[in-house]
Each structure stands twice: as C-alpha cells, then as structure tokens.
Amino acid sequence: MWRRVRDGIVEDLDAAIARDPAATSRAQMAIVSPGLHAIWGHRVAHEMWQHEKLQLPARVLSNVFRATTGVEIHPGATIGRRFFIDHGMGVVIGETSEIGDDVMLYNGINLGGRTLEKGKRHPTIGNGVTIGAGAKVLGNITIGDHAQIGANSVVVKPVPANSVATGIPAKHRSLGRREDPYEAMFAEPELWI
C-alpha cells in the first residue's frame, strides 16, 4: 500500500512539473503547491469516505484542507491519476463529480450541481481535459476526453471529446484535423486558459 501511495505522490508531482512552467523541482512543488496539497488531502479523505463510520471525519478533513488551500473537494468526488490544480484558490469540486486521469484545472473553477435531488448531480470529466480559470461546469453532464473549457465559460451541456467549449452559455466546436490549436486561440481569446 505504501508503495502505491508513494508512486501516486510522485506521479502528481511530475504532472505538476510538466504543467507548471514556474516549477523548478519536486521538492519545491511538494512544499508550495496548494493544488497538490488539496489533492493529497482529498485522496486521504476519499479513502475515509468509503467507510460509513468515517464519513464525518472525512468531511472534517476536507474542510481543514479547504481552509488551508482555498480548494474545496468533497470527499465523495472521484479523481483520477496525475491530477493538477494550478494556483487552486476558489476551486470547488462537488460530491458526485468524477474526474479522469491527466486533468488540469486552473483557479476559480466550479464543478457544481444544478439540482437538489439526491444522486448524480455533478459533472463527469474525461481524461486529458483542461478547464480554464473561472469556468463553471454545472450539472450531471460529461466533458469528453481531451476537451478544453475556456476561461470563464459556463458549461451546462455535454462537450464531446476533442472539442473546445467557450462562452456563456458555452458553445463547443471540434478543432479540424488541420487546424492548429495555437492559431485557434487568436480567433477565440477565451481559449487562453
């Protein structure tokens, strides 16, 4: 078990270094990254959440990490490997959110619900997704693998894989096979995530 935990921490650190140009080392990121601290706290709280008698302590632990990092992740949320939150402050991830592997979030993001009904009410985020600063992804919707959500977008409908969603409400489009994603950003400034 400890080897799995250690390997997960190293994967998270390496993912952070790969995605943060300001990162200089694993040690630096382990010490100063609130996004990493939040995910590591969540991984412990999520394990506790799986046991009914530990759900209250799991909620308390998640509140401690919210107070220290500015990132609120419900312990019921399911989060994949190599997850990274850049800057972190103001990120909210709801209880029934499901997040795939290799996902990156920027600050001020809300993966929230749109109903008070019990059951699945938060988004499912595919593998390799990037969500820009300030974006709101709301409801029981799916964001497909390798999609990008532009900064400050409000997404309330599913976004297909390999698409870009921008605006309020967000509209999505697939990048053409020959379209350069970097050049597409000049046509749609919201893509500067």
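Residues numbered from 1 in each chain as written. Predicted model: local features only at pLDDT ≥ 70, side-chain atom pairs only at ≥ 80, totals over all residues. Heavy atoms only, no water.

Novice: Can you tell me about the environment of Thr-68, naming the residues and giving the values?
Specialist: With respect to the helices, strands and loops of the structure, Thr-68 is situated in helix H4 (residues 55-69). For Thr-68, a relative accessible area of 59% puts it in the exposed group. (Helix = DSSP H or I, 4+ residues; strand = E, 2+ residues; numbered from the N terminus. Buried < 20%, exposed > 50% of the residue type's maximum accessible area, 1.4 Å probe, protein only.)

Novice: Could you give an account of the environment of Ile-39, naming the residues involved and the relevant values?
Specialist: Mapping Ile-39 onto the fold places it in helix H3 (residues 34-49). Here Ile-39 falls in the buried class, since its relative accessible area comes to 0%. Taking the C-alpha atoms as reference points, Ile-39 and Phe-65, 26 residues apart in sequence, are found 9.1 Å from one another.

Novice: Quick one: what's the story with the sheet that holds strand S13 (residues 154-155), residue by residue and with numbers?
Specialist: With parallel pairing, the five strands of this open sheet are ordered in space as S1-S4-S7-S10-S13. Unpaired on one side and paired on the other, strand S1 (72-73) and S13 mark the two borders of the sheet. In terms of strand pairing, strand S10 (residues 136-138) meets S13 through two bridges, oriented parallel. Pairing of Val-137 across the sheet is with Val-155, part of S13. (Pairing = 2+ DSSP bridges.)

Novice: Got a sec to walk through the packing of H3 against H4? Specific residues and values, please.
Specialist: Between two packed helices, both the angle of their axes relative to each other and the distance between the axes serve to describe the pair. At a minimum axis distance of 8 Å, the contact between H3 and H4 shows a crossing angle of 175 degrees. When the interaxial angle is binned, H3 and H4 end up roughly antiparallel. Judged by residue contacts, Pro-34, His-37, Ala-38, Gly-41, Val-44, Ala-45, Met-48 and Trp-49 of H3 engage Gln-55, Pro-57, Ala-58, Arg-59, Leu-61, Phe-65 and Thr-69 from H4. Broken down by class, the residue content of the contact of H3 with H4 amounts to 10 nonpolar, four polar and one charged. (Axes fitted to C-alpha atoms, helices over the stretch in contact; angles between N-to-C directions. Parallel < 35°, antiparallel > 145°, perpendicular 65-115°, else oblique. Contact = heavy atoms within 4.5 Å. Nonpolar A, V, L, I, M, F, W, Y, C, P; charged D, E, K, R; others polar.)

Novice: I'd love a proper account of the nonpolar core, names of residues and values included.
Specialist: If you look at the biggest cluster of nonpolar residues, it comprises 36 residues, and the most contacted ones within it are Phe-83, Ile-93, Leu-105, Ile-125, Ile-131 and Ile-143. Of all elements in the fold, only helix H1 (2-19), H3, strand S3 (84-85) and strand S6 (104-105) reach the threshold of two or more residues within this core. If you tally residues by element for this core, the top one is H3, at four residues. (Core = buried A, V, L, I, M, F, W, Y, C linked by side-chain atoms within 4.5 Å.)

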